[in-house]
Amino acid sequence: MSEQQHHARKLPTDIEHIPIVWRYELLKHFRSWRLIGSIAIAALVIALIFVIPLATGNPPSGTDKAVKLFVSGPQGISIPSQGLLLPGNAGLINRSVVVVSSLEVFQDGVREPAANWTFSSSGGNIIQFTHDTTGHTYTATYRWHDTLESFASRFVGFANLLIIICATFFGADAIVSEYQARTGYLIFPNPIRRVSLFLGKFGASMTASILVISVFYGAAAALSFISVSGLDKNFLTSFAFALEYMLAVMAIAYLISTLFKGTTGAIVLTFFLLFLILPIIDAVGSTSGFRAWWSVTFSAGVMSNILIIPYPVDSVSDIPSAGITYHNYIPDPATSALVMLAYAITAIVISMVLFRRKEMTG
Amino acid sequence: MAMIELENLTKNFGPIKAVDSLTLSVDEGLTVGFLGPNGAGKTTTIKILTDLISATSGRAMLQGINVLTDPKKALTNVGAVVETPEFYPYLTPIETLAYLGRIRGMHTKEIKDRTKEVIRQVKLEQWTTTRIGKFSKGMKQRLAIGQALLHEPDILILDEPTSGLDPRGMVEVRGIIKELKKEKYTIFMSSHLLGEVQEVCDKAALIDHGKLLIYDTLEKLGTLIKVLSLEVMCLGDVSDSVLSKVRAFSNVKEVARATSNTFVVSLEGGPEERADLLQQIISTGVKVTGFTTVGVPLESLYMDLVKDSR
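Scoring rules and cut-offs
Residues numbered from 1 in each chain as written. Chains lettered and ligands numbered in written order. Predicted model: local features only at pLDDT ≥ 70, side-chain atom pairs only at ≥ 80, totals over all residues. Heavy atoms only, no water. Helix = DSSP H or I, 4+ residues; strand = E, 2+ residues; numbered from the N terminus. Buried < 20%, exposed > 50% of the residue type's maximum accessible area, 1.4 Å probe, protein only. Contact = heavy atoms within 4.5 Å. Areas by Shrake-Rupley, 256 points an atom, 1.4 Å probe, with all protein chains shown as cover. Domains from an automatic or database assignment. Pairing = 2+ DSSP bridges. Axes fitted to C-alpha atoms, helices over the stretch in contact; angles between N-to-C directions. Buried area = accessible area lost by both parts, 1.4 Å probe. Salt bridge = Lys/Arg side-chain N within 4 Å of Asp/Glu carboxyl O. Polar contact = N/O pair within 3.5 Å; in protein donor to acceptor, adjacent residues only side chain to side chain. Expected span 1.5 Å × (residues − 1). Parallel < 35°, antiparallel > 145°, perpendicular 65-115°, else oblique. Left-handed = near helix turned anticlockwise from the far one by under 90°. Nonpolar A, V, L, I, M, F, W, Y, C, P; charged D, E, K, R; others polar.

Participant: Now, about the overall build of chain A: what can you tell me, with residues and values included?
Facilitator: Scanning chain A from N- to C-terminus turns up 13 helices and ten strands. Each principal axis of the C-alpha atoms in chain A carries an extent, and together these give about 100 × 55 × 30 Å. Within chain A, the fraction of its 362 residues that count as buried is 46%. Partitioning the intrachain contacts of chain A with sequence separation of at least 6 by distance along the chain shows that 73% fall at a separation of at least 24. Just so you have it, chain A exposes about 16600 Å², and 66% of that area is on carbon and sulfur atoms.

This is the structure we're talking about:
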């Protein structure tokens, strides 16, 4: 090489190397069946969660037309499976959310003026009549939908599984494959530090995973707007926790990938550790009375719980027939955030140190 | 100027010394063959030089920079082919070279120009946009050499560059290396193919059990060769009595009939002994039509030295 070229060329810094690796690793994910497969899984999960209730006659929203309003004294309260139930001259609509603007009440088939009744959704959807209802037949027509919270909860509960799949697909063999597939012989004898390689690869794995999780949350949000006319106010907080959980489990997957010598072992351990082993420990805690606050999978529960208002608290219930006491431990949001962050940082640091020292033998 | 310097380089794998206080220096512009039997420590040495593994002790310098302490800087001007590398199967040769070029600090235009050049050099023009996952081993090996040349490094480190190739592939790769020699690259290549080393190298280093046995120019090594195999072709059949007479000549270690008119003599000694032998054979009355060395001359030296070290 000429002296001129020597001087003209400037070796990228360690930080400048990261996006170079990131870009080409991302290309790998974009061209692999794993990304397509995981997006397909996300789409399938969304579709099943949405379609199955529709197919079984439990849609998330709809219109009840001319539903009979049973009006009777306090002693004769009738409780229909859906529609209205009422004590005395009040009716209770047995739906999650009633769209008030659509509510129409009829007395003997004639529309009842709005001045003759009031609607309240606190403590249930109650129609309170201002006059005696004895001797009349009352019906109501209204649009209704599930609460934003319950609709979002249907989907968010499955984000955990999707995140584990992403960590397995995009992280579990990211490092070990360089050794097993011998691509390390191509990339390592270059003027690039292993830490830059690691961070570039990690960034690409996270990008691919975030894409999948975003598709999942995005589709769930879109369906929420379409079906229940809005989005739970904590939905984005749940998404933020999902991203943090993704970061933590991806770091664990990279740590396993750095420790293992074969891709199969790394993939299997990553999946079963996150899907089975740690959740079993969490579950044992519920029956044995210890709170696995330090478990990353226990902390992941915050993704769903954050949608519930008020935020749930720990509870204990006795099951006399089984002779056990069941502790329903609820992860605290702040602690969970710290635990997931601790897992991410610790696993990334250990992985980088091990990767730097890992030798290309065999 | 020494482009590659190994100083008391040692690598232990548990109780096994894979490289044992190896000291070696390769000057600028030379092509040096790194010889040794399987398990001698050749690949281990090259892996240390290319930051694939660490050393237990000693120094491994590339252009005066210790690869053990500053691998990024030391490898800036190095192109390497270690073992038979695998490529990312989802990339094409052009994308692979662009990736490696960017890592090595090359500019976009330079990458484009050099990619075209090395693709031509390694004869992969028709495969530039095919994903490497579909490549044969020979094509991958050629691309491996291409990527090593991409940034026109001062030093080329090649670990058994013809390993696993078919005869045609071996000839092609040796041709590429010979062309590179003309371009004044400093080439350090390991091989156990002695003919290959003899064909392309200026100097050869022989190691066994991680220790350097000998390191010199091929001319000087040639003078150390003790036993040569010579093929003698005659006009007409050669009788057994002639072979018996040849066996009795001084410095002759062994005589074996090859065909009815050809026999092979193992001779101890140099050019003078060879000339004496020819005269003595002619004196028996046979008409000699051919008198040539067979096999690789370096082979006998290699066998002697390796045998002595074991």
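Participant: Lay out the domain arrangement of chain A with the relevant residues and their values.
Facilitator: Domains assigned within chain A are domain 1 (2–56 + 149–357) and domain 2 (61–145). When each unit is reduced to the centre of its C-alpha atoms, the spacing between domain 1 of chain A and domain 2 of chain A is 47 Å.

Participant: Let's hear about the sheet that holds strand E11 (residues 227–234) of chain B: which residues, and what values?
Facilitator: Pairing between the strands of a sheet comes from backbone hydrogen bonds, and it takes one of two forms, parallel or antiparallel. All names here are of chain B. The four strands are arranged E12-E13-E11-E14 in an open sheet whose pairing can be described as antiparallel. Two strands close off the open sheet at either side, each with one partner strand: strand E12 (252–259) and strand E14 (288–293). Direction aside, neighbouring strands of the sheet carry axes that sit 20° apart on average. Pairing geometry for E11 and E14, over five bridges, is antiparallel. Residue pairing for E14: glutamate 231 is matched across the bridge by threonine 292. Here helix H10 (residues 271–283) sits on the sheet and contacts E11, E12, strand E13 (262–268) and E14; the angle it forms with E14, its principal contact strand, is near 155°.

Participant: Account for the environment of phenylalanine 263 of chain B, with residues named and values stated.
Facilitator: All names here are of chain B. You can see phenylalanine 263 is positioned in strand E13. When the C-alpha atoms of phenylalanine 263 and threonine 217 are compared, they prove to be 31 Å apart, with 46 residues separating the residues in sequence. Setting aside chain neighbours within four positions, we find phenylalanine 263 in contact with Leu230, Glu231, Val232, Cys234, Val238, Leu243, Val246, Val255, Ala256, Arg257, Ala258 and Ile281.

Participant: Now, about the interface of chain A and chain B: what can you tell me, with residues and values included?
Facilitator: Listed as interface residues are 40 residues of chain A and, on the opposing side, 40 residues of chain B. For the chain A and chain B pair, buried surface summed over both sides reaches about 3700 Å², with 54% attributable to carbon and sulfur atoms. Summed over the three residues of chain A that lose the most area to chain B, namely Arg9, Tyr24 and Leu186 of chain A, the buried surface amounts to 20% of that side. Across the chain A-chain B interface, the total number found is four salt bridges. Residue arginine 182 of chain A is joined to glutamate 83 of chain B by a salt bridge in which the shortest nitrogen-to-oxygen separation is 3.1 Å. Between the two partners, chain A and chain B, sit 16 residue pairs in polar contact (both at pLDDT 80 or more). At the level of secondary structure, the elements contributing two or more residues to the side of chain A that touches chain B comprise helix H1 (3–8), helix H2 (14–30), helix H7 (184–187) and helix H8 (194–228) of chain A. Sort the elements by how many residues they give to the side of chain A that touches chain B and H2 of chain A lands first, with nine residues.

Participant: Which residues make up the sheet that holds strand E8 (residues 138–145) of chain A, and what values go with them?
Facilitator: Residue and element names in this part refer to chain A. Pairing within the open sheet is antiparallel, and its four strands lie in the order E1-E8-E4-E5. If you trace the sheet from one side to the other, it starts and ends with strand E1 (61–69) and strand E5 (110–111), each paired once. Here strand E4 (residues 97–107) runs beside E5; their pairing, made up of two bridges, is antiparallel. Each residue of the ladder has a partner; that of glutamine 107, found in E5, is valine 110.

Participant: Report on unusual backbone geometry, specifying residues and quantitative values.
Facilitator: For the bond from isoleucine 309 of chain A to proline 310 of chain A, the omega torsion is -5°, close enough to zero to count as cis. Inspection of the secondary structure assignment puts proline 310 of chain A in the loop between helix H12 (302–305) and strand E9 (315–319). Although it is not a glycine, serine 21 of chain B adopts a positive phi angle of roughly 50°. One non-glycine residue, glutamine 63 of chain B, lies in positive phi territory at about 50°. Structurally, glutamine 63 of chain B can be placed in the loop between strand E4 (57–62) and strand E5 (65–66). Using a relative accessible area of 23% as the deciding quantity, one classes glutamine 63 of chain B as partly exposed.

Participant: Describe helix H3 (residues 33–55) of chain A, and please don't skip the residues or the numbers.
Facilitator: Residues and elements named next belong to chain A. If you check H3, its first and last C-alpha atoms are 31 Å apart, about what 23 residues at 1.5 Å a residue would give, namely 33 Å. All of the buried residues along H3 are Arg34, Leu35, Ser38, Ala42, Val45, Ile46, Ile49, Phe50 and Pro53. For H3, the secondary structure elements touched by its buried residues are H2, helix H4 (148–156), helix H5 (159–170), H8 and helix H10 (263–288). Glycine 57 sits one or two residues past H3 and shows a positive phi near 80°.

Participant: Got a sec to walk through the packing of H8 of chain A against helix H13 (residues 333–357) of chain A? Specific residues and values, please.
Facilitator: Residue and element names in this part refer to chain A. Running from amino to carboxyl end, H8 crosses H13 at an angle of 130°, the nearest separation of the two axes being 9 Å. Judged by the angle between their axes, H8 and H13 are oblique. The way H8 lies across H13 gives a crossing that is right-handed. Side by side, H8 and H13 meet where Arg194, Val195, Leu197, Phe198, Leu199 and Phe202 of the first sit next to Ile348, Ser351, Met352, Phe355 and Arg356 of the second. Across the contact of H8 with H13, the residue classes break down as eight nonpolar, one polar and two charged.

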